[in-house]
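Residue-level structure breakdown
Okay, here's what each chain looks like letter by letter:
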Amino acid sequence: MNLKRLFMLATSFGQALVASSTPLGTQSTCSSASFSISSDTLNITSLSISASLAYNFTTYSLMPGSSQTGSYTIDFCNVTVTYGHEGWNDTINVHVWLPAASSWNGRLQALGGGGYSASFGPLYTTQAVAKGFVAIDTDAGHVMGTDAAQSPKDWALTSPGHVNMFLLEDFASVSLHEMAVIGKAITKAYYGTQPSYSYFEGCSGGGRQALMVAEKYADDFDGILAVAPAINIEDFIPAGYWANQVMNDLGVFPQPCEFPAFTQAAIAACDGLDGVIDGIISLPDDCKFDPHGIVGQSFSCDGTQQNLTQAGASIVKAVWDGFQSADGKIGWFGLNKDALLSTYINTEFSSNGTCSAVISDLLSGWLRYFIVKDPSWDPRTMTDAQFSSYIQESGQQYHAMLSAADPDLSSFRAAGGKMITWHGLADEAIPPNGTIAYYQQVLGLDSKADDFYRVFEAPGVGHCIGGNGPIPNDAFDKLVAWVEREEVPNTLAATYTNGTSRNLCPYPLQQVYLGGEYNNSASFGCQSRIEQGTPASEIPFFNSSRAASTPC
């Protein structure tokens, strides 16, 4: 079940019975009069607080980056803190869900968002409350949810040609620190004490948020789980449109079923590089499969036999290679070859027998609203030269504000924080090499960074969840154990849907097949990297200088 479907279930099935302000626990009553926030502390204005009890709230929920979805029924004190900033014309809502005092585990958990949405509400917060956490999130001043995650159209511009820089600041990082301060203050007012431990967990855009708080607000959280982080959102999102640009240049739009045929051929060619056939490309850097080498071969498309085309091969190769300028200083990494292609390229077959491109709002929306700054702009009119220029402009204009790519985590280390990142190698939205490149830079600055921050590769896993590989559903529990009991996560246990598992390895170690049954975790171990090649952090476009400029 995909994230959008789960969000719809969470919002439509959630039911709450609002009662009088009788306290759920033995501390403060659940009413707005019980809470106060000093606006001077955060330099915020127009502050208001609402609070009410919710009984028997029932909905589907899951943790970010987890495939373990369940239906939960919870009682809690539902607090919303609404505020803005002087002269910014913004209205931000921080949601704080407080379980009964008798159920509270003494911890606070902040939940991130994804795409262009700062949070997903009950989809994430319900499970946290059910497990005894105070759950907090922020909308960063604009509509949240899976639909909002796909496009910034409702908030990016104040008018054509002008980016709403204040809301973008809120989205980038400002609201994250404010959420932490407000969440802790509300918690103390309700229970009479601060949380013993505070955690942040997010995937995708939430992973970017997670790294941002580690880099900028090192004292806010004791433990951070940053899954498949959108570290360089200003780079990979617009660069992800490159395959569509290639397709438009060719003027050929293959049938939708042709693209997965290339993916399956790549898996067949590279699956066994690690010594086991399991439907996973575990050594993606060693996979040299060229889609042009199978042009003309037949594949099944809705029960009919078709032939793979040169155009299809060129478009798919553009996804895998990623965009790079001639000098290599502008661009971004491509997806690995076992990732689904539908996020980056998609076509639809019409009744008249022709195909056309399905334009991704997630990818084209960045160009439309943050670069061209024109809601009516059609990306199909873009030239290759313009595309290259737009990628460069995006980095120059937004890297300083939105990127969570600062490898200096010394303040987070000094604060005693612990952080775990894992990234699916078959991620269909965020190229995992961006995460690896970032961590290589972290280790370059601090060779002992794994004392407090560890990154794990998850072969075969898609974006946050999905894919053919096992998912490390225990990652958050491992984080808690590291923070509270100093139990270092030497591996993460990743589980298939059938219950079998494999251990994921902390970078730079790599999961290797040792022999035996592939569904036996003992058949795999962690060893020095097999793959050879240029470190991702040394690719020219990753290190290209960005002269900061400010969008109009």
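Heads up: the structure comes first, above all this text.
An account of the accompanying structure is given in this report. Not measured: the values here are computed from a predicted model. Here the residue numbering is sequential within each chain, running from 1 through the sequence in written order. Thresholds applied to this predicted model are a pLDDT of at least 70 for local features of residues and 80 or more for the giving and counting of side-chain atom pairs; totals over whole chains, interfaces and linings are not thresholded and use all residues. Only heavy atoms go into the side-chain values, all of them from the structure, while hydrogens and water stay out.

1. A word on the nonpolar core
For our purposes a nonpolar core is just a set of buried Ala, Val, Leu, Ile, Met, Phe, Trp, Tyr and Cys residues, chained together by side-chain atoms within 4.5 Å. Between buried and exposed lies partly exposed: a residue is buried under 20% and exposed over 50% of the maximum accessible area for its type, with that area taken using a 1.4 Å probe on protein chains only. If you look at the biggest cluster of nonpolar residues, it comprises 71 residues, and the most contacted ones within it are L168, W366, F370 and L402. At 7 residues, helix α11 (residues 361-371) tops the list of elements feeding residues into this core. With 56 residues, the next largest nonpolar core counts Y83, F221, I231 and F452 among its residues. Helix and strand definitions here come from DSSP, where helices need a minimum of 4 consecutive H or I residues and strands a minimum of 2 consecutive E residues; each element is numbered from the N-terminal end.

2. Here we look at the packing of helix α5 (residues 165-191) against helix α12 (residues 384-402)
The interhelical angle for the contact between α5 and α12, taken along N-to-C directions, is 50 degrees, at an axis separation of 9 Å. By the angle between their axes, α5 is oblique relative to α12. Contacts between α5 and α12 involve M165, L168, E169, F171 and A172 on the former and, on the latter, Y398, M401 and L402. Classes in brief: Ala, Val, Leu, Ile, Met, Phe, Trp, Tyr, Cys and Pro nonpolar; Asp, Glu, Lys and Arg charged; the others, Gly included, polar. For the contact of α5 with α12, the per-class residue count stands at 7 nonpolar, no polar and 1 charged. With axes taken as lines fitted to C-alpha atoms, and helix axes fitted only over the stretch in contact, angles between N-to-C directions fall between 0 and 180 degrees. What sets the label is the angle itself: under 35 degrees gives roughly parallel, over 145 gives roughly antiparallel, 65 to 115 gives roughly perpendicular, and the rest give oblique. Working rule for contacts: check all heavy atoms of both residues, and any pair within 4.5 Å makes them a contact.

3. Describing the pattern of salt bridges
A side chain with one charge may pair with a side chain of the opposite charge, provided their charged atoms come close. Whenever Lys or Arg places a side-chain nitrogen within 4 Å of a carboxyl oxygen from Asp or Glu, that contact is recorded as a salt bridge. Summed over the entire model, instances satisfying the criterion amount to 9 salt bridges. With its nearest N and O atoms 3.9 Å apart, the salt bridge here joins D451 to R413. One end of the pair, D451, is in the loop between α14 (432-445) and β16 (453-458); the other, R413, is in helix α13 (residues 410-414), and 38 residues separate them in sequence. We classify D451 as partly exposed; its relative accessible area is 43%. Note that R529 and E457 form a salt bridge whose closest N and O atoms lie 3.2 Å from each other. Within this pair, whereas R529 is found in the loop between β20 (524-527) and α16 (540-543), its partner E457 is found in strand β16, the two being separated by 72 residues in sequence. Within this structure, R413, D446 and D451 form a network of salt bridges that share partners.

4. Describing the state of the cysteines
Disulfides are covalent bonds that link the sulfur atoms of two cysteine residues. Note on disulfides: each one is a pair of cysteine sulfur atoms within 2.5 Å. All chains considered together, the criterion is met by 5 disulfides. Disulfide pairing is shown between C203 and C464; the S-S distance is 2.0 Å. Between C203 and C464, the S-S torsion sits near -105 degrees, and that sign places the bridge as left-handed. With C203 in strand β9 (residues 197-203) and C464 in the loop between β16 and α15 (475-485), the pair connects residues that are 261 residues apart, well separated along the chain. Summarising the burial analysis for this pair, C203 and C464 share the class buried. Put simply, C257 and C301 are joined by a disulfide, and their sulfur atoms are 1.8 Å apart. Given an S-S torsion of about -80 degrees, the disulfide between C257 and C301 has left-handed geometry. Of this pair, C257 sits in the loop between α8 (242-250) and α9 (258-270) while C301 sits in strand β11 (residues 298-301); the two residues are 44 residues apart in sequence, bridging distant segments of the chain.

5. Section: the environment of L273
Mapped onto the secondary structure, L273 falls in the loop between α9 and β11. Separated by 86 residues in the primary sequence, L273 and I359 place their C-alpha atoms 35 Å from one another. Other than its neighbours up to four places away in sequence, L273 contacts L283, D286 and C287.

6. Some details on the pairing of strand β6 (residues 134-138)
With respect to burial, β6 is a largely interior element, 5 of its 5 residues being buried. Of the strand pairs in this sheet, strand β4 (residues 92-98) and β6 are connected by 4 bridges, and their pairing is antiparallel. Bridging across to β6, V96 finds its partner in I136. In the sheet, strand β5 (residues 107-111) pairs with β6 via 3 bridges, with the strands oriented parallel. Bridged to A110 within β6 is I136. For crossovers, right-handed means that the path from the first strand over the helix to the second runs clockwise, given strands pointing away from the viewer. A crossover connection joins β5 to the parallel β6 through helix α3 (residues 122-130); in handedness this β-α-β unit is right-handed. Here, strands pair whenever DSSP counts at least two bridges between them.

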